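# Observations on chain architecture
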Amino acid sequence: MRANCGCVRLNALSVGTCSAVPGAITYGALEGVPLPTGGADMLAVIIAQGRTSGPVFWLTANIHGDEVAGIAVLHRLLNSDIVDHLRGTLVIIPSLNPAGLRTHRRHPYYDDRDPNRTFPGVRKDDDRLREPTVFERLSARLFESMKETADYYIDLHCASILSIPFSIRDRVLYHDESERAAAEALSARLDAMVKAFGFGAVAEYTAAQYIAKELHRSTTGAALQELRLPAFAVELGSHTVSDESNVAAAVIGLRNVMRWAEMLDSPNEAMPPLPMPPDARTRRRDDGPYSSLAGVLDYRAAPGDYVLSGGVVAELRDIWGRPVGEGTIRTTEDSWIIGLEDGVLAYPGAAIAHIGLVDEAPLVEPWPR
Ligand SMILES: [Zn+2]
């Protein structure tokens, strides 16, 4: 395992046309999706390498094209003196989805799949029944590059317009009991890395939901489950905009993770006050509460609130302003509100918020059958 040895070959690291140079920041590109009109989309790659060996830390953003705040975070991290103090190497890809970035859409226009469910891993559909899509092919190449070089990985996202910044850590799943001890060790290391970053954190959905949603094929999900890298996703508040306070906090968080990984020697920086879970219990990400009726929402809870079971998240009215049903949508469990759905419309069966629920399931589990 490369993860703990700190024995990176300082001169040997390349991603696409970008090759590391000790003590320098270098710029290049990884060829992306070939375009029918000629040429190919390209992923900009930046490598910042210190003069002494150490871990290789991959950092990416914008796989969802309308989630833009992570680009500024990565640009700001790359100040000119970072390599003077760095032990090891940063591999940075500011936009994993340039087509989505240009068109301001979550998905690239040439592939309808969620790009963050296209990485290698157990496929729900039988891979003999269809060809990999263009984005799956790109993700597979990117993944190979990560497999060769990465020791740690963070991918930057954004959530709904009204949402708090937070981190998401996946459960570590294992196929065979003989893998369990290593999975426990990986989970502990991941916990420490998430804590070093400093945002409030939730565990991912239940293992069964995780597989059903193909989150094991996300960037960081695949890195964790397939490559066994400490890897997690960060949510930087609203999509579409680059929120200054979240961007500034994330830059501090990344430098503090680099200190935890012994890539920087300087003292930890203080994190500005951030929304935190109401207590130390583990919480998992979930959606809810759900509306059973159609109507117009008037939210009565805000991101960061802790709404006890039965508390009101929104009032529900018809377009004339009259109450629909009981006139309220309430939590069914104690809920840490991490984000509200965009807009004000409710449809039967639609979740109206994103929440953190107290989670008693283990963070290391066998793959669900
Ligand atoms: Zn995202």
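Keep in mind that this is a model prediction, so the values were computed, not measured.

A few words on the confidence of the model for the protein chain. Of the residues in the protein chain, 96% have a pLDDT of 70 or more, and the chain-wide mean is 95. In the model, residues 1-8 has pLDDT below 50 throughout and makes 13 contacts with residues more than four positions away in sequence or in other chains.

Take the pairing of strand β13 (residues 295-299) next. Strand direction decides the pairing type here: β13 and strand β18 (residues 345-346), joined by two bridges, are antiparallel. In the sheet register, glycine 295 faces β18, and the bridge partner there is alanine 346. Summarising the sheet, β13 and strand β15 (residues 312-317) pair through four bridges and their orientation is antiparallel. Directly across from valine 296, in β15, lies its bridge partner arginine 317.

Given a rise of 1.5 Å per residue, 18 residues ought to cover 26 Å, and the 26 Å separating the end C-alpha atoms of helix α5 (residues 180-197) matches this to within 8%. Along α5, the residues that are buried comprise Ala183, Leu186, Ser187, Leu190, Met193, Val194 and Phe197. Projected down its long axis, α5 shows its buried positions confined to an angular sector of 125°, all on one face. Of the residues one or two after α5, glycine 198 is the one with positive phi, at around 100°.

Between two packed helices, the angle of one axis relative to the other and the distance separating the axes together describe the packing. Following both chains from N to C, one finds helix α1 (residues 69-77) and helix α8 (residues 244-260) inclined at 50°, their axes separated by 9 Å at the closest point. Between α1 and α8, the interaxial angle falls into the category oblique. Two packed elements cross with a definite hand, and for α1 against α8 that hand is right-handed. Residues Ala69, Ala72, Val73, Arg76 and Leu77 of α1 lie in contact with α8, whose contacting residues are Asn246, Val247, Ala250, Val251 and Leu254. Tallied by class, residues from the contact of α1 with α8 come to eight nonpolar, one polar and one charged.

Across soluble globular proteins, nonpolar side chains show a tendency to be buried alongside one another. Counting 92 residues, the largest nonpolar core has Ile47, Phe57 and Tyr153 as the members making the most contacts within it. Each of domain 1 (14-260) and domain 2 (283-358) accounts for three or more of the residues forming this core. In this structure, phenylalanine 57 is in contact with Gly88, Leu90, Asp151, Tyr152, Met258, Ala261 and Met263, ignoring residues within four places of it in sequence.

Before going further, it helps to spend a moment on the packing of α5 against α8. The contact between α5 and α8 brings their axes to 7 Å, and the two run at 135°. Relative to α8, the element α5 lies oblique. Our pair here, α5 against α8, has a crossing hand that is right-handed. In this structure, α5 uses Ala192, Met193, Ala196 and Phe197 to contact α8, whose residues at the interface are Gly253, Asn256, Val257 and Trp260. Taken together, the residues that form the contact of α5 with α8 break down as six nonpolar, two polar and no charged.

Conventions and cut-offs
Residues numbered from 1 in each chain as written. Predicted model: local features only at pLDDT ≥ 70, side-chain atom pairs only at ≥ 80, totals over all residues. pLDDT = per-residue confidence, 0-100. Contact = placed C-beta atoms within 7 Å. Pairing = 2+ DSSP bridges. Helix = DSSP H or I, 4+ residues; strand = E, 2+ residues; numbered from the N terminus. Expected span 1.5 Å × (residues − 1). Buried ≥ 20, exposed ≤ 12 C-beta atoms within 10 Å, placed from the backbone. Arc of directions from axis to C-beta. Axes fitted to C-alpha atoms, helices over the stretch in contact; angles between N-to-C directions. Parallel < 35°, antiparallel > 145°, perpendicular 65-115°, else oblique. Left-handed = near helix turned anticlockwise from the far one by under 90°. Nonpolar A, V, L, I, M, F, W, Y, C, P; charged D, E, K, R; others polar. Core = buried A, V, L, I, M, F, W, Y, C linked by C-beta atoms within 7 Å. Domains from an automatic or database assignment.

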